[in-house]
Amino acid sequence: MGYHLVNLILHAVVCLMYFRMCSMFLPEISSFVSAMLFAVHPIHTEAVTGVVGRAETLSSVFFLAAFILYAKSTKRKRFTGWRWLVFSMLAVATAMLCKEQGITITGICAVYELFVAQKMRLSDVQHFLRCVVSGKVSWQHTWCSDATKRLCVLTLSTLTLLLVRLQIMGSKLPVFTRFDNPASVAATPTRQLTYNYLVSVNLWLLLLPCDLCCDWTMGTIPMVESLLDRRNLSTLAAYIALATLAYVALTTANRQQAVVIAMSLAFLALPFLPASNLFFPVGFVVAERVLYMPSMGFCMLVAYGWQILAEKKNRKVAWAGLCLLLLAHGTKTISRNWDWTSEYSIFMAGLRVNQRNAKLFNNVGHALEGQGRFNEALQYFHKAVSVQQDDIGAHINVGRTYNHLKMFKEAEDAYLKAKSLLPKAKPGESYQARIAPNHLNVFLNLANLIAKNETRLEEADLLYRQAISMRADYTQAYINRGDVLLKLNRTKEAQEVYERALFYDSNNPDIYYNLGVVFLEQGKASQALAYLDKALEFDPEHEQALLNSAILLQELGRAELRKVARERLLKLLHKDATNERVHFNLGMLAMDDRDTAGAEHWFRRAVQLKDDFRSALFNLALLLADDHRPLEAAPFLNQLVRFHPDHVKGLILLGDIYINNIKDLDAAENCYKRILELEPDNIQGLHNLCVVYVERGNLLRAEACLKQAHRLAPSEDYVLRHLKIVQSRVAKLRMDDPSASESQFIEEQEHLPSPPADPIAPHAETVYSRPAGVQSPTPSLS
């Protein structure tokens, strides 16, 4: 709301300043008509309602200010006149910084100087040209010396601002693809015929703004490929109309008419020149927002025509026509604003006008994709492909949508098709400069898709390297390539890749975070923590860096560091209270601080959020068992082994509780047998199974079991000690009754210690977050 409100305020300011400017050339009522037409013209909807139009409205404020100030400088005495001229040039510079078109006001000021302030006519132009040809350039003081100086200031200011602008751009024009402006890559005379035809298209939009569209690129306007194309008649008519008006302005005896037409043409034509493609290609075919300034001249011309009609023909008809025009334009502007309600509505409105633009289909697909309506989005992306089969972005979008729909084979085929459409390298020519940066996403998306298959990581790495070779500063490719190298256990190379990425983007917190992960993989905790802290320097809200650095700080074991870790975890908790890992690590910190109640609270909360959370279930059960609440621990251990039947420590602890507390020897035996299935050489599991046999009174079986344990672990004292106890009992029974059968060795028992020989320590099973990268497909930009 704030953005749109500011745009509306700026438009209102422009309308008031425009009224003030028109009053310099037209009567007040005609100026009001001109300003009203300008205020409600539907062509302005994109500039005022679209947030990006801020550049047009803001630039227009200084654009008009520069002109009004320049006009003042021509009417003041020398000292005050130069002061207004300086202010005017400052306004010109500001207008240009808002929007490149702003600099064209210097041309309009020159027209004003020549044809209004100095009252130059066609005969004066002819006389000046004759003087130039003959070498007699001092032609009878047609201009006063102050006018000459003002024109010199205008010229120098324009050249200086252009040089500054070129310096900012690096003396290079922006790179556009043939999809942005198809005529820019067309051959002669198609390029020239098309560009000149676009002049008539823009004039028609000002004259009859019925079919407005947010995007006129690609195939919206088919190219004019021949002189026989009927559309050339439109071009001819447009230039004849403009030339006629220019001739009338230079030859008419009516002074007001000459001034109004001359200034109207200046405001109409000069601000349009930078967007006309006639001097250099731009990134669009037609853009309604760039007509915001040219429409000033158009509206002034229409208002002057209305004035003539009202004065010389029928006043009532003129007013009725004006009211009808304002009503029609106002109604169209209101309805057009509804089109700009959302991405979906604006692009669907574009499709109602134009079905030849693949970008519109792509953007409708993007809008649907943003709503999670992937099947519908896919239909529009396919339509974009059918409309423009060589549109690389459309194929990328198809692949990305298939990826969202888990149709990975189709996604890969679409990405490969997009890749095949990329321009091929030519000898001696930079491949990097010939590919639109957005199209390089095909390498990223295809590599991310392939990297899901652990057997194709080398293939994914090759694609990342290919993308980097085409664009050395492709930071995201470095980041994702580093992730693949980590999966391949090539941590040193991953480190080099991330350090290279830092060379191009030293303020990227993800790169510092990923370097932290690399050092974690290498077991270098202090270096890892340094990089994680650096990531938090650039992005204090970086969730993965907050979590992993908190885990590292906890593992360092110092009380002051645990405090910092807790602060970071609580910050994460404030951002997302449903992150079970944050609760779990807060529980681990509480255990380190011997806060049993706090640890229990955090572990229980983690288990509530994720009922199969392996580490939280085990540590909660261990905590309860150590707190002499084994019966409360048992349900969590059962939950643990249900979700994770291979959790050996959980099985040992559960078996211990079954023996000592629940007295369910069958359940305990099942636990230990499961351990031995998983780890046949697990001494604790085997020893505790032997204890189960002793508890049952089966001494011979217990003896054989303990002998096996002793063979596997001859250095374990507790196994040997328990074996001797059982052997002494067996020997005693045999001595008392040498003829006793095996069943008689089950009568008298004394309990052996049944807990595992080694205490079970709290077990975090820490899993650090993977490197930050684009693991989801990257969109092809609208």
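Refer to the structure printed above.
Procedures and definitions
Residues numbered from 1 in each chain as written. Predicted model: local features only at pLDDT ≥ 70, side-chain atom pairs only at ≥ 80, totals over all residues. Heavy atoms only, no water. Phe/Tyr/Trp six-rings, centres within 6.5 Å; stacked < 30°, edge-to-face > 60°. Helix = DSSP H or I, 4+ residues; strand = E, 2+ residues; numbered from the N terminus. Buried < 20%, exposed > 50% of the residue type's maximum accessible area, 1.4 Å probe, protein only. Salt bridge = Lys/Arg side-chain N within 4 Å of Asp/Glu carboxyl O. 1 Å grid on protein atoms, 1.4 Å probe; cavity = no way out; pocket = protein on both sides within 12 Å on 5 of 7 lines; lining within 4 Å. Points joined across faces, edges and corners; volume = space filled by probe spheres on them. Nonpolar A, V, L, I, M, F, W, Y, C, P; charged D, E, K, R; others polar. Axes fitted to C-alpha atoms, helices over the stretch in contact; angles between N-to-C directions. Parallel < 35°, antiparallel > 145°, perpendicular 65-115°, else oblique. Left-handed = near helix turned anticlockwise from the far one by under 90°. Contact = heavy atoms within 4.5 Å. Expected span 1.5 Å × (residues − 1). Disulfide = S-S within 2.5 Å. Polar contact = N/O pair within 3.5 Å; in protein donor to acceptor, adjacent residues only side chain to side chain. Core = buried A, V, L, I, M, F, W, Y, C linked by side-chain atoms within 4.5 Å. Patch = residues over 30% accessible without salt bridge, like charges linked within 9 Å, V, L, I, M, F, W, Y side chains within 5 Å. Areas by Shrake-Rupley, 256 points an atom, 1.4 Å probe, with all protein chains shown as cover.

## Here's the deal with the packing of aromatic side chains
Taken as a whole and judged by the stated rule, the model has 17 aromatic pairs. Plain terms: the ring middles of F67 and Y112 are 5.3 Å apart, the flat faces sit at 80° to each other, and that makes the pair edge-to-face. Pair noted here: F67 is in helix α4 (residues 54-75) and Y112 is in helix α6 (residues 105-117), with a separation of 45 residues, a long-range link. The buried category is assigned to F67, whose relative accessible area is 0%. Ring geometry for Y512 versus Y531: centroids 6.4 Å apart, planes at 25°, classification stacked. On the criterion of sequence distance, the pair formed by Y512 in helix α23 (residues 509-521) and Y531 in helix α24 (residues 525-538) is long-range, its members being 19 residues apart. Overall, Y512 belongs to the buried group, its relative accessible area being 10%.

## A few points about the pattern of salt bridges
A full pass over the atoms with the stated rule returns 38 salt bridges. R558 is the partner of E560 in a salt bridge, and the nearest nitrogen-oxygen pair spans 2.8 Å. If you follow the salt bridges from partner to partner, you end up with E458, D461, R465, R481, R490 and E493 in one network.

## So, the layout of surface pockets
Here the second largest pocket defines a volume of roughly 890 Å³. Forming the walls of the second largest pocket are 31 residues, and the residues nearest its centre are E100, Q101, P274, A275 and F280. Of all the secondary-structure elements, those providing two or more residues to the lining of the second largest pocket are α4, α6 and α8 (145-168). In terms of residue count, the dominant contributor to the lining of the second largest pocket is α8 (4 residues). Across the lining of the second largest pocket, the residue classes tally to 20 nonpolar, 6 polar and 5 charged.

## Details of empty space enclosed by the protein
Throughout the structure, instances matching the rule amount to 2 cavities of 30 Å³ or more. Quantified by volume, the largest cavity comes out at close to 50 Å³. As for the largest cavity, its lining consists of N181, P182, A183, T194, L198, M218, I221, M223 and V285. Along the lines of polarity and charge, the residues of the lining of the largest cavity split into 7 nonpolar, 2 polar and no charged.

## Comments concerning the packing of helix α27 (residues 580-592) against helix α29 (residues 614-626)
Close contact between α27 and α29 brings their axes to 10 Å; oriented N to C, the two are set at 30°. Considering the angle they form, α27 stands roughly parallel to α29. Every pair of crossing elements has a handedness; the one defined by α27 and α29 is left-handed. The residues of α29 that touch α27, namely those facing F584, M588 and M591, are S615, A616, N619 and L623.

## Here we look at the side chain of N232
Relative to the helices and strands, N232 resides in helix α10 (residues 232-251). The class for N232 is buried, based on a relative accessible area of 13%. Contact partners of N232, with chain neighbours within four places excluded, come to L193, V224, S226 and L227.

## Points about unusual backbone geometry
In the segment running from T188 into P189, the intervening peptide bond is cis, with an omega of 5°. Even without glycine at this site, K406 takes up a positive phi of about 65°. One non-glycine residue, R594, adopts positive backbone phi at about 60°. Position of R594 relative to the elements: it lies in the loop between α27 and α28 (596-609). Taking relative accessible area as the criterion, R594 reaches 77% and is therefore assigned exposed.

## Describing the packing of helix α22 (residues 491-504) against α23
The angle between the axes and the distance between the axes are what describe a pair of packed helices. Orientation of α22 relative to α23, taken along the N-to-C sense of each, is 165°, at an axis distance of 10 Å. What the angle tells us is that α22 and α23 run roughly antiparallel. As for how α22 packs across α23, the hand of that crossing is left-handed. Facing α22, whose interface residues are T491, A494, Q495, Y498, E499, A501 and L502, α23 presents I511, Y512, N514, L515, V518, F519 and E521.

## A short note on helix α31 (residues 648-662)
With 15 residues, α31 extends 20 Å between its outermost C-alpha atoms, agreeing within 8% with the 21 Å of an ideal straight helix rising 1.5 Å per residue. Most of α31 sits inside the fold, with 11 of its 15 residues counted as buried. Burial in α31 covers these residues: V648, G650, L651, I652, L653, L654, G655, D656, I657, Y658 and I659. Considering only its buried residues, α31 is in contact with α29, α30 (630-643), α32 (665-678) and α33 (683-696). Phi turns positive, to about 60°, at K663, one or two residues after α31.

## Looking at the state of the cysteines
Applying the stated criterion across every chain yields a total of 1 disulfide. No disulfide involves C22; its sulfur sits 8.3 Å from that of C299, the nearest cysteine.

## Thoughts on α27
Taking 1.5 Å as the rise per residue, α27 with 13 residues should run 18 Å; its terminal C-alpha atoms sit 19 Å apart, in good agreement. Burial analysis of α27 places 10 of its 13 residues in the buried class, the great majority of the element. Of the residues making up α27, those classed as buried are E580, V582, H583, F584, N585, L586, G587, M588, L589 and A590. Along its buried surface, α27 packs onto α25 (543-556), α26 (559-575), α28 and α29. Looking at where α27 begins, the residue whose side-chain oxygen comes 3.0 Å from the main-chain nitrogen of R581 is N579. Of the residues trailing α27, R594 is marked for its positive phi of about 60°.

## Comments concerning the nonpolar core
Grouped together as the largest cluster of nonpolar side chains are 163 residues, with contacts concentrated most on Y18, F25, F67, M263 and F267. Sequence-distant contacts of F267, defined by excluding residues within four places in its chain, comprise M21, F63, L64, F67, I105, I108, M293, P294, M296, G297 and M300. In this structure, A606, F618, L700 and A713 belong to the second largest nonpolar core, which totals 57 residues.

## Considerations on the side chain of N448
Tracing the backbone shows N448 in helix α19 (residues 441-450). Separated by 2.9 Å, the side chains of N448 and N480 make a polar contact.

## Some thoughts on a nonpolar patch on the surface
Taken together, the side chains of M1, L5, I9 and V13 make up a nonpolar region of the molecular surface, amounting to roughly 400 Å² of accessible area. Given the relative accessible area of 31%, V13 is considered partly exposed.

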